[in-house]
There are 4 protein chains.
Amino acid sequence: MKRKIRMGMVGGGPGAFIGAVHRIAANLDGLIELVCGCFSSHPEKSLATGRALFLPDDRIYASYQEMIEREAALPEGERMDFVSIVTPNHVHFGPAMLALEKGFHVVLDKPMTFTLDEALRLRDKVKETGKLFMLTHTYTAYPMVKEARERVRRGDLGKIRRIYVEYPQGWLYSDSEDKKGAWRVDPSRSGKAGCMGDIGTHAFNLAEYITGLRAVELCGELNTFVPGRSLDDDGAALIRYEGGAKGVLTASQIAVGVENGLNIRVYGEKGGLEWRQEEPNTMILRWPDRPMEIIRTSNGYMSGIAAWNTRVPAGHPEGYIEAFANLYRNFALALDAVLAGEEPDPRTLDFPSVEEGVRGMSFIEAIVSSGDTESKWIKIAN
Amino acid sequence: MKRKIRMGMVGGGPGAFIGAVHRIAANLDGLIELVCGCFSSHPEKSLATGRALFLPDDRIYASYQEMIEREAALPEGERMDFVSIVTPNHVHFGPAMLALEKGFHVVLDKPMTFTLDEALRLRDKVKETGKLFMLTHTYTAYPMVKEARERVRRGDLGKIRRIYVEYPQGWLYSDSEDKKGAWRVDPSRSGKAGCMGDIGTHAFNLAEYITGLRAVELCGELNTFVPGRSLDDDGAALIRYEGGAKGVLTASQIAVGVENGLNIRVYGEKGGLEWRQEEPNTMILRWPDRPMEIIRTSNGYMSGIAAWNTRVPAGHPEGYIEAFANLYRNFALALDAVLAGEEPDPRTLDFPSVEEGVRGMSFIEAIVSSGDTESKWIKIAN
Amino acid sequence: MKRKIRMGMVGGGPGAFIGAVHRIAANLDGLIELVCGCFSSHPEKSLATGRALFLPDDRIYASYQEMIEREAALPEGERMDFVSIVTPNHVHFGPAMLALEKGFHVVLDKPMTFTLDEALRLRDKVKETGKLFMLTHTYTAYPMVKEARERVRRGDLGKIRRIYVEYPQGWLYSDSEDKKGAWRVDPSRSGKAGCMGDIGTHAFNLAEYITGLRAVELCGELNTFVPGRSLDDDGAALIRYEGGAKGVLTASQIAVGVENGLNIRVYGEKGGLEWRQEEPNTMILRWPDRPMEIIRTSNGYMSGIAAWNTRVPAGHPEGYIEAFANLYRNFALALDAVLAGEEPDPRTLDFPSVEEGVRGMSFIEAIVSSGDTESKWIKIAN
Amino acid sequence: MKRKIRMGMVGGGPGAFIGAVHRIAANLDGLIELVCGCFSSHPEKSLATGRALFLPDDRIYASYQEMIEREAALPEGERMDFVSIVTPNHVHFGPAMLALEKGFHVVLDKPMTFTLDEALRLRDKVKETGKLFMLTHTYTAYPMVKEARERVRRGDLGKIRRIYVEYPQGWLYSDSEDKKGAWRVDPSRSGKAGCMGDIGTHAFNLAEYITGLRAVELCGELNTFVPGRSLDDDGAALIRYEGGAKGVLTASQIAVGVENGLNIRVYGEKGGLEWRQEEPNTMILRWPDRPMEIIRTSNGYMSGIAAWNTRVPAGHPEGYIEAFANLYRNFALALDAVLAGEEPDPRTLDFPSVEEGVRGMSFIEAIVSSGDTESKWIKIAN
């Protein structure tokens, strides 16, 4: 790389957890510099945030429209290369479409859009413009998740039979977040699913990513345990995958006391694997006739793609921020190649795309339908 | 107790894992003596087993009918007090009914019978005769499971919302057991369910035992992954409990490399608990606003019922055999009181009864029906 | 076996934890019957205990001398075959010597004697009489500890370099036990070491057992943290083993909140192993260039000697009582052969002998000396 | 902060693990910018590294002397604010002294110097110049380590009695690193201790940091297991702390298969704590009469100082890089205040100082002496 990649940000103002994480992740490897942003729909908040990030006032914008228009008008050596959109779900589609139209590459938080229809339109726009597009499904950026996928792909587990993927959390066990007006529990900002949109999509994506299998139909139930809440705070589904594998997906935000318990277990004809996000550098491999193995990141026996996404020696734990930084590092390296008119290293393109975004919205569509019907199996269409 | 309780055994011949465990469990506390048995339908095998157990030849029988008849004819100070039936499922009902009719108390392995109809008839017979009847659902005899139930009962967790109960095993991941003719994979000896009858019933029972909630309907799917197998070797169900709690139950015998992974997680409005059979002396308690606690058997903070079912100080692990022995010890103490015409200590009556047996058979009936239909929810009738 | 082996017991009266455990362990496999006992130095307590164990009054004795004399006078088909001595340390030597002299085989709790001198004399007596003698170092009877020794013996780990063995407990963190007059904290009953005699000896024995290496010298420090206590309640030592391996041994009874944390880690030139008593069915194997392995009891890959000491399938946890019962089962099987004039199966002779008892007393001697001196290295003499 | 803090770097050229980590740590929070460096004693390597880090050629230097001189000559708004020195041990003292003399603040890797004498002289220089000085003992920057110190400080554990601190690693189990000429095994670059200098100092520092107790004397042994190696690759020591607490410290680089196993256990009169670096977001608290607690970073019950050093919500694991970044973030914030002539927030000054550096060198001095003598106890002098 000859220079740092230039990032603009939409969202991520005061108190926004995920925006701050995006910035840390983009900083970490020293490959990206934040050059501009519209951090809030309140201009004064946007300005304050931008200044605290050492941005000059003329690169701090009051609306995403203004930002995209004015950045597009800057000379090539100065304007942002890509925009990172870290707003609530209902403000994903607008800035993403506009940025693509104005020639910017895009990073977008998940779930991709507010509706499946928006997702399909965004997919078309990405294809039409040919811009790089990354959806920040962080959990698949852990080196051990990449190792899991690699092991399945090369056949270590044999044909996959059984998938258990779970995403329990406890932080919404009472209505205190609802009273604070958190957007994740508000259908006008979150979309038609609550828990399933926020974290069920991660679980769904993780299972498809690791196994390489496409879910074809599901039978589920959504629950709202906290009185007065509008959206689901819990749910479960039986899932049928192509080729005959069977899955159970659960997601809950009322599993009181559980922090961020995403985990997956996959069993094939020849072996099994088990991974837990809260201890991400460890994976259990199970075999029928020999001892279970504990594999750990940064060891010599790890695959190339896992090593590529690792920074420190074995025993020096890497975590959520490093996984997030893997997304940004790979995106920056791929974008650097694209900007130079070169073919990106395939390892750098291993980030979630607009297709994963469409899958997530299709999953939401299916599970919400399933929760509303007495029909047993609902297709996951797109 | 003035004397040891006298046990007869039906089943448990050469190579029978569970029969040997029953005998060890009955031996452990020195309260029960084995006085007779019909250990196999092959008279010579029965004789060899009985002799190896130091029984005199005249108390080793060639058929359960012969045993029950002849024991009934012995004087009261000599004949067995109860019979323990440890045969394959299709030979549960016959000896149990006969023993009850002839005045013997009965211990029976699970699942209780071959069909739900047999279960209902056996329940009637137990009620009619007033004999003590114990079903050996071992897992609910662990002290920590009793603690779990106690904590739910006294309201530590608040109203229960969410139950996850899982029973993964891997030993039937290939067809090697089928080829050996193991009875668990043979519908003529096992009944209409395979995995769900063998271990799904344990999971179902564990959840109802701990939460005190009755499952009312389920939506499930049974799978047979190993080619050529007649019965299910895997399955999952969404379950609705009375009062609005929701459950997910999974059971699998093709989770390759997993040993005996029964586990349960229960979350209520105020707290959660998590228990794994493979590390049975430990339970995790989760709370919304304070650190999770790890409780361990034999500590002073444990409830009375857990302490009653514990033998050694904290840190001296107790396991499966001790849990099994808890069943026999409680049964022996209760039976001693009954034989003396006294009221048993309530703690000794805390063992699975014929009602749990009927519940298990109802669960099998429902999950098999669910697997065969496109209707979403199936009632668990009895 | 043609008949059960007949056991007498010295000690194990009301409230004695370890005596009850010895009886359970002896019961478990149905190979041993308790035929007589002197359970307390208070005759009425002895009688009450014996009756509760269903013994006839004429086999319940008021002193160990009376018991041994009168049993020796019984006809061969009736008298006890061996005596199990489960008294406090200062009453080990007397009954053991007398029993050997009168022709009985002996089981004795650890540490073997009150002084090293007694230990040496007892060793001579065992050799002289040729009777079977077992010291109940329970922890080496776990199947996984046998596996560990086997793996070291066959060279999987290469030449051993480094041994860490720890035995932390917390139950003596305050003086409440001292006030109750517990014998373990009383030098007139426990011997010259407290913590090191009670549990340090277990740790010392475990390390020598697994590695097959003899400790030659140590540099240690004993501590008494609880005010008013006469004996050590904590200590640590650097240990030098034959062949150049180095060890660190720690034992503590003031590690508040720790239950029974005996654990060992051994590293050789080619691999390492780690085992914790509180999760006894699991062992970690570490390798330089491939994933660590978790081995678990009852799996097909376990060695023959581990399988011999296991009763139930993988995933059905076995614990402390089963380990204790392994001692008794092996002793009973060996004794049966001896009584029949046959050579015992070598697997049955794998129990701690009088030599281990002497080693333990030598260790106590050395560590107490080390704590009293400014000399750095103290030989472990015998 | 009005602007980013400007960092220069000495060391961290091609293949240097720790230099890259320093840069990542400095990048992470976006508070520091790298403005210059001398990355290697080979000018062409220094140039290549600097260019890859997007530095202009005129800020890439061929020697640390040149860098410090020329940076000092730059105008205030341009020159570096501090220098980060990440060279092997024998090149710590020179650049640190020069930088301080020329008015720069200093970040230095551990162990602080090549000899104790250098350490004392460096301490004097820091005092004399009044510059900010940070030693990068990373492990005490984990939020959970800060929590541990806080809990000890506020008396939760009562008076401390027993400290176990261990630092096992396995990567030097064979001579392959020696053959590669790694500086850590070379006395001319590493200093008089190998394992004890590299990682023993971390363990020593961690124990003093958490307990707030000063070690006063030790009795230790150093070992060199790998043939041909000049420095210790393993060792252990008994340690006596002020106030009567007793410690055992072990460090090993031949614990084959162990990754980076730093861990500590501390027991006081009222409670205990246990922490493992490889799972850094978790700490076990043990109590005599109530359940052990598992505390986890980012929960509401954590202390203010832990929260200050945390970036993401509970269940999103933070690791080694985040701990390292805590050092740099706190240093940058403190330096910003110093540069503005203000009093730094005390929370930002919670990083290892030149005093910790002197303590580490005193520890090395004492343990090496102890290894060479038959005297039992060696004072830790400074």
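Residues numbered from 1 in each chain as written. Chains lettered and ligands numbered in written order. Predicted model: local features only at pLDDT ≥ 70, side-chain atom pairs only at ≥ 80, totals over all residues. Heavy atoms only, no water.

(A) Expanded view of the packing of aromatic side chains. Counted according to the given criterion, the structure contains 44 aromatic pairs over all chains. Consider the rings of A:Tyr139 and A:Tyr142, whose centres lie 6.4 Å apart with planes at 20°: the pair is stacked. Judged by its relative accessible area of 1%, A:Tyr142 falls in the buried class. Measuring from ring centre to ring centre gives 5.6 Å for D:Phe331 and D:Phe351, while their planes differ by 65°; the resulting arrangement is edge-to-face. Of this pair, D:Phe331 sits in helix H11 (residues 320-339) while D:Phe351 sits in the loop between H11 and helix H12 (354-371); the two residues are 20 residues apart in sequence, bridging distant segments of the chain. (Phe/Tyr/Trp six-rings, centres within 6.5 Å; stacked < 30°, edge-to-face > 60°. Buried < 20%, exposed > 50% of the residue type's maximum accessible area, 1.4 Å probe, protein only. Helix = DSSP H or I, 4+ residues; strand = E, 2+ residues; numbered from the N terminus.)

(B) Layout of the environment of B:Ala307. Following the sequence through the fold, B:Ala307 ends up in helix H10 (residues 304-308). Between the C-alpha atoms of B:Ala307 and B:Glu147, which are 160 residues apart in sequence, the distance is 8.9 Å.

(C) Representation of the sheet that holds strand E4 (residues 105-108) of chain B in the model. Residues and elements named next belong to chain B. Within the open sheet, the five strands sit side by side as E2-E1-E3-E4-E5. Their pairing is parallel. Two strands bound the open sheet, and with one partner strand each, they are strand E2 (32-38) and strand E5 (133-135). For this sheet the average axis-to-axis angle between neighbouring strands, irrespective of direction, equals 20°. As paired elements, strand E3 (residues 82-85) and E4 share four bridges and run parallel to each other. Among the inter-strand pairings, Ser84 is bridged to a residue of E4, identified as Val107. In this fold helix H4 (residues 93-101) packs onto strand E1 (5-10), E3 and E4, with an angle of close to 165° to the strand it touches most, E4. (Pairing = 2+ DSSP bridges. Axes fitted to C-alpha atoms, helices over the stretch in contact; angles between N-to-C directions. Contact = heavy atoms within 4.5 Å.)

(D) Broad picture of the interface of chain B and chain C. Across the boundary between the two partners, chain B contributes 35 residues, which contact 35 residues of chain C. Between chain B and chain C, a total of about 2700 Å² is buried, with carbon and sulfur atoms accounting for 63% of that surface. The interface formed by chain B and chain C holds four salt bridges in total. One salt bridge connects C:Arg296 with B:Glu259, and the closest N-O pair in it is separated by 2.7 Å. The interface formed by chain B and chain C holds 14 residue pairs in polar contact (both at pLDDT 80 or more) in total. Elements with a minimum of two residues in the side of chain B that touches chain C: helix H1 (17-27) and helix H11 (320-339) of chain B. Take the side of chain B that touches chain C: its biggest share by element is four residues, from H1(B). (Buried area = accessible area lost by both parts, 1.4 Å probe. Salt bridge = Lys/Arg side-chain N within 4 Å of Asp/Glu carboxyl O. Polar contact = N/O pair within 3.5 Å; in protein donor to acceptor, adjacent residues only side chain to side chain.)

(E) A look at the side chain of A:Asn27. Structurally, A:Asn27 is set in helix H1 (residues 17-27). For A:Asn27, the side chain forms a polar contact with the main-chain oxygen of D:Leu28, separated by 3.1 Å. Setting aside its immediate chain neighbours within four residues, A:Asn27 contacts D:Asn27, D:Leu28, D:Asp29 and D:Gly30.

(F) Structural view of the interface of chain D and chain C. Contact residues are listed per partner, giving 43 residues for chain D and 44 residues for chain C. In total, chain D and chain C occlude about 3600 Å² of area from one another, counting both sides; carbon and sulfur atoms represent 54% of this. Viewed at the interface, chain C and chain D are joined by eight salt bridges. Among the ionic pairs, D:Arg162 bridges to C:Asp234, the shortest N-O distance being 2.5 Å. Taken together, the links from chain D to chain C amount to 19 residue pairs in polar contact (both at pLDDT 80 or more). Of all the elements in the fold, those that place two or more residues in the side of chain D that touches chain C are strand E6 (160-168), strand E7 (215-223), strand E8 (234-241), strand E9 (246-252), strand E10 (263-268) and strand E11 (272-276) of chain D. Looking at the side of chain D that touches chain C element by element, the count peaks at five residues for E8(D). Looking at side-chain class alone, the side of chain D that touches chain C contains 16 nonpolar, 13 polar and 14 charged residues. (Nonpolar A, V, L, I, M, F, W, Y, C, P; charged D, E, K, R; others polar.)

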